[in-house]
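A closer look at the structure
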Amino acid sequence: MVSDLFPMTARQAQTTRRGKVLVGPVDLRLDGGGVAMVIGPNGAGKTTLLHLLHGTARLTSGTIEWACPLEAARNQQSFVFQRPVMLRRTVLENIAYPLRIRGHQRADAYEQARDWADRVGLGAMIDRSALVLSGGEQQKLAIARALITRPRLVFLDEPCASLDGAATREIEQVLQDTREAGTALVMSTHDMGQARRLADRVVFLLHGRVHEEAAANTFFEAPVTTQAAAFLRGDIVE
Amino acid sequence: MGDLWSGLLQAFWLVITFDPELVEIAGRSLRITLTALVIASLIALPLAALLAVRRFRWRRTVIALMNALMGLPPVVVGLVVYVLLSRSGPFGVMGLLFTPTAMIIAQVIIIVPLIASIAHQSLRELWTEYHDLLISINVTQGQKIRTLLWDARRALLTATLAGFGRAIGEVGAIMIVGGNIDHATRVLTTAIALETGRGDFALALGLGFVLIALAVTVNLAIHWLGRTEREGRW
């Protein structure tokens, strides 16, 4: 789906902390739609790259440009963290929160939140404290909260890490539905099975740089670089 | 030991007979303290939230100063407020010295740093937890502060109750700026000081027990109204 958000173009984007380069320089373009899967070994900078593109990590050099002004671009994105952040509120209030922040009336926000709670399978627990949910339920809540504003782009940082098979399957189904509804997903994962199931494009990250980028089929069947091939074989890549 | 028993008996007697003077003094104590508490909370809680979410150059210094002011000597506060409100002081024209308003001002000055420091501790921890989410949702500074204050309301209740405890038991500052005038500025603590000075330990103890009972009752009432401990893990 083409929207006024895309394309996003990162040129020589880099973030550093205390003089150490965490990610970059990175050149990347997102055209919207589909799932861009960011993969790479531990410490490659997957989480930082997602934060950098989303605007929650400081860009120390280079540029990241959207098709619309930055403020408008931020309002069309959302982020799902590896460890979901739960507000000390009920499930319903958590899901409705982004709408309330944007000025929606309580009744309208809660009605939409109920709908999203049903969609992610939390309809029976909307009045419970979000803090007493299981890890899988909290991640589903976080996804519902990220989607309730109907963003054009969602960043997901290993959303299924430490979840069991059943919860992973449910969350992947929600993500498939979201993709089919036209929302672009940029997601990081360690799980190569999940990457193969969901990815349309793959961004292979190594030492904070985009080492290889390709359509998912091409990448998984014929990786160009030896490091990417080694990573896919399960070898240790340094 | 005898004084303790007769103090208890006297407190019991004063309460069950609804002693008019006790009712007047206790009522004034509550009125002044609760007014000071509301004003102090309106200043301290947003200040604590602002210090939790906003980064500015002198932030650490402000926090350190606020923590240091928790131990502000009430007598000194009373003296400063006295000088400011006395006829020759900058606010003398307002005629507030030896009035309940002067006592409220002194109490507010004493408890704002206490409430703000305790509240800041809770809000800082909550902000660490919420930071990434709220930044990613792109909330405004005001929305951050409102979210933190609402979600930490139970912890903030503890901060305000600490302020209440400090204010209701305060004697030094309010004695100086209130003057302990009968039917005007006499409150439980200044009455206790007066009776102790007169050597009527039993009455002083009796008033002391009433003060403790009042403080416990208000604390329990606020906990009950705030539904603390009722909604499981928050």
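Please refer to the structure higher up on the page.
Predicted model only: the values in this text are computed from it and were never measured. Residue positions are given per chain, counted from 1 along the sequence in the order it is written. To read the labels, note that chains go from A and ligands from 1, taken in the order they are written. In keeping with the model being predicted, local features are shown solely for residues with a pLDDT of at least 70 and side-chain atom pairs are shown and tallied solely at 80 or more, while totals for entire chains, interfaces and linings include all residues.

**Here we look at the overall build of chain A**
- Only DSSP runs of H or I with at least four residues qualify as helices, and only runs of E with at least two residues qualify as strands; both kinds are numbered from the N terminus onward. Helix and strand counts for chain A stand at nine helices and nine strands.
- Taking 18 Å as the expected radius of gyration for a compact globule of 238 residues, we find that chain A reaches 18 Å, a close match to that expectation.
- With the C-alpha coordinates of chain A rotated into their principal frame, the extents come out at 55 × 40 × 35 Å.
- Here the C-beta atoms are placed from the backbone, and a residue counts as buried if at least 20 other C-beta atoms lie within 10 Å of its own, exposed if 12 or fewer do, and partly exposed otherwise. Put simply, chain A has 238 residues, and 44% of those count as buried.
- Excluding contacts between residues fewer than 6 apart, the proportion of contacts in chain A whose partners are at least 24 apart in sequence is 68%. Only C-alpha atoms enter the radius of gyration, while the globule expectation follows 2.2 Å times N to the 0.38, with N the number of residues. Note on contacts: each residue gets a C-beta atom placed from the backbone, and two residues are in contact if those atoms are within 7 Å.

**Quick look at the nonpolar core**
- When buried Ala, Val, Leu, Ile, Met, Phe, Trp, Tyr and Cys residues are joined through C-beta atoms within 7 Å, the set is termed a nonpolar core. In terms of nonpolar packing, the biggest core is built from 70 residues, with Met37(A), Val38(A), Ile95(A), Ala117(A), Ala144(A) and Val186(A) touching the most fellow members.
- Aside from chain neighbours lying at most four places away, what touches Val38(A) is Lys46(A), Leu49(A), Leu50(A), Val186(A), Met187(A), Ser188(A), Val203(A) and Leu205(A).
- By size, the runner-up hydrophobic cluster in this structure holds 65 residues, among which are Ile110(B), Met175(B), Val177(B) and Ile192(B).

**What about the sheet that holds strand β9 (residues 209-215) of chain A?**
Residues and elements named next belong to chain A.
- Any two strands between which DSSP finds at least two bridges are classified as paired. With mixed pairing, the six strands of this open sheet are ordered in space as β5-β6-β7-β3-β8-β9. In the strand order of this sheet, the two ends are held by β5 (77-80) and β9, each with one partner. Strand-to-strand twist in this sheet, taken as the mean axis angle between neighbours without regard to direction, amounts to 15°.
- Taken together, the four bridges between strand β3 (residues 35-39) and strand β8 (residues 201-206) define a ladder with parallel strand orientation. Looking at β8, one finds that Met37 is bridged to Val202. Axis definition: a line fit to C-alpha positions, over the contact stretch in the case of helices; interaxial angles, taken between N-to-C directions, run 0 to 180 degrees.

**Comments concerning the sheet that holds strand β2 (residues 20-30) of chain A**
All names here are of chain A.
- The three strands are arranged β2-β1-β4 in an open sheet whose pairing can be described as antiparallel. Of all the strands in the sheet, the pair left with one neighbour each is β2 and β4 (61-65). Between one strand axis and the next, the sheet turns by 25° as a mean value, whatever way the strands run.
- In the sheet, strand β1 (residues 8-17) pairs with β4 via four bridges, with the strands oriented antiparallel. If you follow Gln14 over to β4, its bridge partner there is Ser61.
- Together, β1, β2 and β4 form the strand contacts of helix α1 (residues 46-54), whose direction differs from that of β2 by roughly 60°.

**Some points on the interface of chain A and chain B**
- Counting residues at the interface gives 16 residues for chain A, matched by 15 residues for chain B.
- Considered class by class, the residues forming the side of chain A that touches chain B number eight nonpolar, five polar and three charged. Three classes are used: nonpolar for Ala, Val, Leu, Ile, Met, Phe, Trp, Tyr, Cys and Pro, charged for Asp, Glu, Lys and Arg, and polar for all others, with Gly counted as polar.

**Considering the pairing of strand β7 (residues 184-188) of chain A**
Residues and elements named next belong to chain A.
- Among the five residues that make up β7, five are buried, leaving the element largely enclosed by the rest of the structure.
- Neither face of β7 is left uncovered, since the one carrying Ala184, Val186 and Ser188 and the one carrying Leu185 and Met187 both have all their residues buried.
- Here β3 runs beside β7; their pairing, made up of four bridges, is parallel. Counterpart to Ala36 in the pairing with β7 is Val186.
- By definition, the crossover connecting two strands over a helix is right-handed if that path, from the first strand to the second, turns clockwise as seen with the strands pointing away from the viewer. In this fold, strand β6 (residues 153-157) hands off to helix α6 (residues 165-180), which returns the chain to β7; that crossover is right-handed.

**Regarding the packing of helix α3 (residues 91-101) of chain A against helix α5 (residues 135-147) of chain A**
Residue and element names in this part refer to chain A.
- Closest axis-to-axis distance for the α3/α5 pair is 7 Å, and the angle between their directions is 30°. Classified by the angle between their axes, α3 and α5 sit roughly parallel to one another. Of the two possible hands of crossing, α3 and α5 adopt the one that is right-handed. Every residue of α5 that contacts α3 at Val91, Asn94, Ile95, Tyr97 and Pro98 is listed here: Leu141, Ala144 and Arg145. Orientation labels follow simple angle bins: below 35 degrees gives roughly parallel, above 145 gives roughly antiparallel, 65 to 115 gives roughly perpendicular, and whatever is left gives oblique. Crossing handedness follows the turn of the near helix against the far one: under a right angle anticlockwise gives a left-handed crossing, and clockwise gives a right-handed one.

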